[in-house]
Amino acid sequence: MEILDKISSFIAPKHNRGLSAEQKLAATLKFLAQGSYQQGVGNDFTVPMAQSTFSEMFDETLRILERELKQYITLEMTEEEKAEARRFFYSKSSIPGAVMAVDGTHIRMVAPHENPVLYFNRKGFYSLNALLICDHKNMIRYVNARYSGSNHDAFIFESSPASDSAYPNKPWLLKPLASSQPQSVEAEYNVNHAKGRVIIEKKLLVC
C-alpha cells in the first residue's frame, strides 16, 4: 500500500474501463515474484487480463516503479548506519570495518534469439548475472541485472558504478583467500569471512 500511494497517480486508468492502479501494481508484483504469466497473472481471477494487455501494462508500471523508487536503493549510509553495520559484521566475522556484503546470482531465462551463447553461464543454463549489495539489515543497497550470464562476477563488479561511486579505493573490498591450507591463518580468515558474507547469500536465496 505504501508503494501504491507513491505511484498510483502515475498509473491510474486513462478511462473508466481501464485497469485500476491497484490491479496494475498487483499484477506487476505477482509477475516479479513468480516470473511467469501463464502460471501467475494469467490464472489469477482477481487481476484477470490478457497477455498482450499485461505486457503493455507491465512495461509501463515497471518504468514508473524504477523512476519513483530508485531513490530508496542507495549505497549512501549515515555515520550512524555505518557504525551499526561495523558492529554487526564484526560480531559475525571478527573482521573490522565491514559495512555491506556483495555477491552475484544467476537469474534463469529462456535462451534469447540473438547471441544466446552470451547468456549461457558456467553452471550450464541461460541467465542474467545480477550483482547485489546488501547491508547488515538485509536491505538491498544496489542491484545491477544488465549483464548476461557468461560474464564473471568480478567483471560485472568492476564495470559497475558501485565499484567506485561510493568507495574510491579498492583496498576496502575483502574477498575469500584461494588455496588456503587447513588450520592456517588464511583458512580461519575464510571461515570468518563466510560468517559475515552469509547475509548476502540469504538475500540471494530470497530473491
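Look above for the structure.
Fair warning: this is a prediction, and the values are worked out from it, not measured in the lab.

(A) Up close: the overall build of the protein chain. Helix and strand counts for the protein chain come out as six helices and three strands. Secondary structure of the protein chain in N-to-C order comes out as α-α-α-α-β-β-β-α-α. Residues counted as buried form 33% of the 207 residues belonging to the protein chain. Accessible surface, the protein chain: about 13,700 Å² in total, of which carbon and sulfur atoms supply 55%.

(B) The arrangement of the nonpolar core in detail. In terms of nonpolar packing, the biggest core is built from eleven residues, these being Leu75, Met77, Ala85, Val99, Met100, Leu131, Ile133, Tyr142, Ile156, Phe157 and Ala162. Elements that contribute at least two residues to this core include exactly β2 (127-135) and α5 (153-159). Ignoring anything within four residues of it in the chain, the contact list for Ala162 reads Leu75, Ile133 and Tyr142.

(C) Quick peek at the environment of Met109. Structurally, Met109 is set in the loop between β1 (100-108) and β2. When the C-alpha atoms of Met109 and Leu128 are compared, they prove to be 7.3 Å apart, with 19 residues separating the residues in sequence.

(D) Examining the sheet that holds β2 more closely. In spatial order, the strands read β1-β2-β3; together these three strands make up an open sheet with antiparallel pairing. The sheet terminates laterally at β1 and β3 (140-148), the two strands that pair on one side only. Averaged over all pairs of adjacent strands, the angle between their axes in this sheet comes to 20°, without regard to strand direction. In the sheet, β2 pairs with β3 via six bridges, with the strands oriented antiparallel. Each bridged residue has a counterpart across the sheet, and for Ile133 the counterpart in β3 is Tyr142.

(E) Fine view of the packing of aromatic side chains. In total, this model carries six aromatic pairs according to the counting rule given. Considering the side-chain rings of Tyr147 and Phe155, the 5.8 Å spacing of their centres and the 90° angle between planes classify their relative orientation as edge-to-face. A cation sits over an aromatic face here: Arg108 above Phe125, 4.0 Å from the ring centre.

(F) Spotlight on unusual backbone geometry. For Ser94, which is not a glycine, the phi torsion comes out positive at approximately 65°. Relative to the assigned elements, Ser94 resides in the loop between α4 (79-93) and β1.

(G) Representation of the side chain of Asn129 within the structure. Mapped onto the fold, Asn129 is located in strand β2. Here Asn151 takes part through its backbone oxygen, which lies 3.0 Å from a polar atom of the side chain of Asn129. Once residues lying within four places of it in the same chain are set aside, the contact partners of Asn129 are Gly104, Thr105, His106, Asn144, Tyr147, Ser148, Gly149, Asn151, His152, Asp153 and Ile156.

(H) The environment of Leu69, seen in detail. Note that Leu69 resides in helix α3 (residues 51-69). Residues Leu69 and Ile7, 62 residues apart in the sequence, show an inter-C-alpha distance of 8.9 Å. Residues contacting Leu69, with those up to four places away along its chain left out, are Ile3 and Lys6.

(I) Summary view of the pairing of β2. Taking burial as the measure, the nine residues of β2 include eight buried ones, the bulk of the element. As judged from the nine bridges shared by β1 and β2, these two strands associate in the antiparallel manner. Its bridge partner lying in β2, Ile107 is registered against Leu128.

The rules behind each value
- Residues numbered from 1 in each chain as written.
- Predicted model: local features only at pLDDT ≥ 70, side-chain atom pairs only at ≥ 80, totals over all residues.
- Heavy atoms only, no water.
- Helix = DSSP H or I, 4+ residues; strand = E, 2+ residues; numbered from the N terminus.
- Buried < 20%, exposed > 50% of the residue type's maximum accessible area, 1.4 Å probe, protein only.
- Areas by Shrake-Rupley, 256 points an atom, 1.4 Å probe, with all protein chains shown as cover.
- Core = buried A, V, L, I, M, F, W, Y, C linked by side-chain atoms within 4.5 Å.
- Contact = heavy atoms within 4.5 Å.
- Pairing = 2+ DSSP bridges.
- Axes fitted to C-alpha atoms, helices over the stretch in contact; angles between N-to-C directions.
- Phe/Tyr/Trp six-rings, centres within 6.5 Å; stacked < 30°, edge-to-face > 60°.
- Lys NZ or Arg CZ within 6 Å of the ring centre and 35° of its normal.
- Polar contact = N/O pair within 3.5 Å; in protein donor to acceptor, adjacent residues only side chain to side chain.

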